[in-house]
Amino acid sequence: DIVMTQSPDSLAVSLGERATINCKSSQSILYSSYNKYSLAWYQQKPGQPPKLLIYWASTRESGVPDRFSGSGSGTDFTLTISSLQAEDVAVYYCQQYYSTLFTFGPGTKVDIK
Amino acid sequence: EVQLVESGGGLVQPGGSLTLSCAASGFTFNNNWMTWVRQAPGKGLEWVANINEDGSDNYYVDSVQGRFTISRNNAKNSLYLQMNNLRADDTAMYYCARATGPGSTHYFDYWGQGTLLTVSS
């Protein structure tokens, strides 16, 4: 199975500042037919289901604010919140969908400093 | 508007059985793979199972293989998860989600609110 790791486990950022979350896959997740990485990011607020933010590593889902961006290549990926807002407090998960045995990272909790 | 509504959760004794349901609306149900994802209390997300558009293909996480069965009824726009020989570590919120992507590789673009399964004596 492809193992996904995330760092840090948690971070606290001041309002308006940048938050950066890292995700690493245990092997390449490049979907060769599309030449894109099979990596999604989700946001989960307390008591709510996850919400899709980013797919194909960098494509923002419709309706997601443009302060959220995804990047990366190879086995290393990043979710960046360019200017943290109060409503961004949540746990963020990465997910690989290269393998049909889908796996999530353990999550990164984002709080306000 | 896409809606996914899970039901069927509850308290079950170890070794028992239960079937979860997910009612879908707002999209053409038989055009999408569907999936179940679970989340143990205070823990992260774990993909459980998925099923293709006509129900002829499916995959499971190792920990539920042979105990859980995913199925769908496209005429009723419904997804199911039959769970047998339940264990305490199956205790979780179970989410139904729509799968999107090429072939059998998917991200999950719509999620239900979840249904809670507790396995305890």
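Treat the numbers as computed from the prediction; the structure is a model and nothing was measured.

Attention now goes to the layout of surface pockets. Taken as a whole, the largest pocket encloses approximately 440 Å³ of empty space. Together, 18 residues line the largest pocket, and P50 and K51 of chain A together with D109, Y110 and W111 of chain B are the ones closest to its centre. Sorting the residues of the lining of the largest pocket by element identifies β7 (51-55) of chain A together with β1 (3-7) and β10 (107-111) of chain B as the ones contributing at least two each. Within the lining of the largest pocket, the residues separate by chemical class into 9 nonpolar, 5 polar and 4 charged. Here the second largest pocket defines a volume of roughly 350 Å³. Contributing to the lining of the second largest pocket are 22 residues, with Q44, K45, P46 and G47 of chain A together with Q39 of chain B lying nearest its centre. Put simply, the parts of the chain that give the lining of the second largest pocket at least two residues each are β11 (90-96) and β13 (108-112) of chain A together with β9 (92-100) of chain B.

Now for the interface of chain A and chain B. Accessible area lost during the coming together of the parts is what is often quoted as the interface size. If you look at the interface, chain A gives 20 residues, while chain B gives 21 residues. Between chain A and chain B, roughly 1900 Å² of surface is buried when both sides are summed, and carbon and sulfur atoms account for 66% of that area. Sorting the residues of chain A by area buried against chain B places T100, F102 and F104 of chain A first, and these three jointly supply 31% of that buried surface. At the boundary of chain A with chain B, the tally comes to 0 salt bridges. For the pair chain A and chain B, the interface holds 5 residue pairs in polar contact (both at pLDDT 80 or more). Among the elements that line the side of chain A that touches chain B, the one with the most residues is strand β6 (residues 39-44) of chain A, at 3 residues. Considered class by class, the residues forming the side of chain A that touches chain B number 15 nonpolar, 4 polar and 1 charged.

Time to look at the environment of V48 of chain B. Residue and element names in this part refer to chain B. As for its placement among the helices and strands, V48 is situated in strand β5 (residues 45-51). Sequence separation of V48 and T35 is 13 residues, and the distance between their C-alpha atoms is 7.5 Å. If near-sequence neighbours (up to four positions away) are discounted, V48 is found in contact with W36, V37, R38, Y59, Y60, V61, V64, F68, L81 and Y94.

For sheets, the rule is that strands pair by backbone hydrogen bonds, running either parallel or antiparallel. Residue and element names in this part refer to chain A. Taken in spatial order, the 4 strands make up an open sheet running β1-β3-β10-β9, and their pairing is antiparallel. Two strands lie at the open edges of the sheet, namely β1 (4-7) and β9 (68-73), each paired on one side alone. Shown here is a sheet whose adjacent strand axes are inclined to one another by a mean of 20°, direction ignored. Pairing between β1 and strand β3 (residues 19-25): 4 bridges, direction antiparallel. In the sheet register, M4 faces β3, and the bridge partner there is S25.

Quick look at the environment of I112 of chain A now. Residues and elements named next belong to chain A. Mapped onto the elements, I112 comes out in strand β13. You can call I112 partly exposed: its relative accessible area is 33%. Taking the C-alpha atoms as reference, I112 lies 8.9 Å from D88; in sequence the two are 24 residues apart. Apart from residues lying up to four places away in sequence, I112 is in contact with A12, V13, L15, L84, Q85, A86 and V89.

Moving on to the state of the cysteines. Tallied over the entire structure, the rule returns 2 disulfides over all chains. Note that C23 of chain A is cross-linked by a disulfide to C94 of chain A, the S-S spacing being 2.1 Å. The disulfide joining C23 of chain A to C94 of chain A has a torsion of about 80° about its S-S bond and is therefore right-handed. Of this pair, C23 of chain A sits in strand β3 while C94 of chain A sits in strand β11; the two residues are 71 residues apart in sequence, bridging distant segments of the chain. By the burial criterion, C23 of chain A is buried, and C94 of chain A matches it. A sulfur-sulfur distance of 2.0 Å marks the disulfide that ties C22 of chain B to C96 of chain B. Taking the sign of the S-S torsion, -60° for the link of C22 of chain B and C96 of chain B, the bridge is left-handed. You can see C22 of chain B sitting in strand β3 (residues 18-25) and its partner C96 of chain B sitting in strand β9, a full 74 residues away along the chain. Each member of the pair, C22 of chain B as well as C96 of chain B, carries the same accessibility label: buried.

Definitions and limits used
Residues numbered from 1 in each chain as written. Chains lettered and ligands numbered in written order. Predicted model: local features only at pLDDT ≥ 70, side-chain atom pairs only at ≥ 80, totals over all residues. Heavy atoms only, no water. 1 Å grid on protein atoms, 1.4 Å probe; cavity = no way out; pocket = protein on both sides within 12 Å on 5 of 7 lines; lining within 4 Å. Points joined across faces, edges and corners; volume = space filled by probe spheres on them. Helix = DSSP H or I, 4+ residues; strand = E, 2+ residues; numbered from the N terminus. Nonpolar A, V, L, I, M, F, W, Y, C, P; charged D, E, K, R; others polar. Contact = heavy atoms within 4.5 Å. Buried area = accessible area lost by both parts, 1.4 Å probe. Salt bridge = Lys/Arg side-chain N within 4 Å of Asp/Glu carboxyl O. Polar contact = N/O pair within 3.5 Å; in protein donor to acceptor, adjacent residues only side chain to side chain. Pairing = 2+ DSSP bridges. Axes fitted to C-alpha atoms, helices over the stretch in contact; angles between N-to-C directions. Buried < 20%, exposed > 50% of the residue type's maximum accessible area, 1.4 Å probe, protein only. Disulfide = S-S within 2.5 Å.

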